[in-house]
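Chain residues, written in single-letter form:
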Amino acid sequence: MDFELFQPDEKGVIARITPNNFRRTVAYVAIALLGALFLLLALNGGMATIWIAVLFVLGLGSLYLAEMLRRASAVTLEVTTQEVRDSSGRVLCALAEVQKVERGAFALKPSNGFSIVLKSKAPFAWAPGLWWRMGNRIGVGGVVSAGQAKAFAEAIQTRVV
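Below or above, wherever it landed, is the structure these notes cover. Note that this is a predicted model, so its numbers are computed, not measured. (Residues numbered from 1 in each chain as written. Predicted model: local features only at pLDDT ≥ 70, side-chain atom pairs only at ≥ 80, totals over all residues. Heavy atoms only, no water.)

### A few points about the overall build of the protein
As a reminder, the rule being used: Strands here mean DSSP runs of E at least two residues long; helices mean DSSP runs of H or I at least four residues long; both are numbered from the N terminus. Any residue under 20% of the maximum accessible area for its type is buried, any over 50% is exposed, and the rest in between are partly exposed; the area is computed with a 1.4 Å probe on protein chains only. Two residues form a contact once any of their heavy atoms are found within 4.5 Å.
A count of helical and extended segments in the protein gives three helices and nine strands. Along the three orthogonal principal directions, the C-alpha set of the protein runs to about 70 × 35 × 30 Å. Within the span of the protein, comprising 161 residues, buried residues form 37% of the whole. Taking as baseline every contact in the protein between residues at least 6 positions apart, the subset at least 24 positions apart corresponds to 58%.

Structure, rendered in structure tokens:
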């Protein structure tokens, strides 16, 4: 039996993470309901004008964040032989830049995910619910399943080592 783990497919992709639709929906609904609640409180009034303005801004901000999450989590993440990217072509990092992958209980990482430590700093980027990049660290997780995230992290780790 010839079992080749983490070998690229015909498109050069080694591993993929597809966001879980149930988790996406729950996250979207929770943030959208929070925004609706803020707006409802602002519209009911009965407070000082400044608090109505603050609640209104928080409501609109929450609704905007919910929409950002919906759009950002509509893509899949892929590991190729050269880079980590999303299915729209946005590059998270080159595999040559990866120093290590952290998956431990005390690692700075998103829920159900892992963290990639880079050799040098990269510009800030964020896809709510899916990944973030700050300084020399990338966090992947949130609305993804833990099993897929583990396999994805191992695919990156085997390419780096």
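### So, the sheet that holds strand S2 (residues 77-80)
Put simply, the rule reads: Here, any two strands with at least 2 DSSP bridges between them count as paired. In this description, a line fitted to the C-alpha atoms serves as the axis of each element, helices being fitted only across the stretch in contact, and the angle between N-to-C directions of two axes falls anywhere from 0 to 180 degrees.
Pairing is antiparallel across the open sheet formed by four strands, whose spatial order is S1-S2-S3-S4. With partners counted over all chains shown, the strands left at the sheet margins are strand S1 (13-17) and strand S4 (91-94), one partner each. On average, each strand axis in the sheet is inclined to that of its neighbour by 15 degrees, with strand direction left out of account. Sheet topology note: the S1/S2 ladder contains four bridges and is antiparallel. Of the residues in S2, the one forming a bridge with Val13 is Thr80.

### Regarding the pairing of strand S6 (residues 114-118)
The element S6 is extensively covered by neighbouring structure, given that five of its five residues are classed as buried. Burial along S6 is two-sided: Phe114, Ile116 and Leu118 facing one way and Ser115 and Val117 facing the other are all buried. Across four bridges, the pairing between strand S5 (residues 98-102) and S6 is antiparallel. Within S6, the position partnered with Glu102 by the bridge is Ser115.

### What to know about the pattern of salt bridges
Rules: Each salt bridge in this description consists of a side-chain nitrogen of Lys or Arg and a carboxyl oxygen of Asp or Glu lying within 4 Å of one another.
As enumerated under the stated definition, the model contains eight salt bridges in all. With its nearest N and O atoms 3.5 Å apart, the salt bridge here joins Arg85 to Glu83. Since its relative accessible area comes to 22%, Glu83 is described here as partly exposed. One salt bridge in this structure joins Arg137 and Glu102, with 2.8 Å as the shortest N-O distance. Of this pair, Arg137 sits in strand S9 (residues 137-140) while Glu102 sits in strand S5, and the two are 35 residues apart along the sequence. Taking relative accessible area as the criterion, Arg137 reaches 19% and is therefore assigned buried. Because the salt bridges share partners, they merge into one network encompassing Arg16, Glu78, Glu83 and Arg85.

### Things to note about the sheet that holds strand S7 (residues 125-127)
Two pairing modes exist for strands in a sheet, parallel and antiparallel, and in both the strands are linked by backbone hydrogen bonds. Across the sheet, five strands lie side by side as S5-S6-S9-S8-S7; this open sheet has antiparallel pairing. Since the sheet does not close on itself, it has two edges, and those belong to S5 and S7, each with one partner. For this sheet, the mean inter-axis angle between neighbouring strands, taken without regard to orientation, is 15 degrees. Contacts between helix H3 (residues 146-160) and the sheet are confined to S5 and S6, with S5 contributing the most and set at about 150 degrees to the helix.

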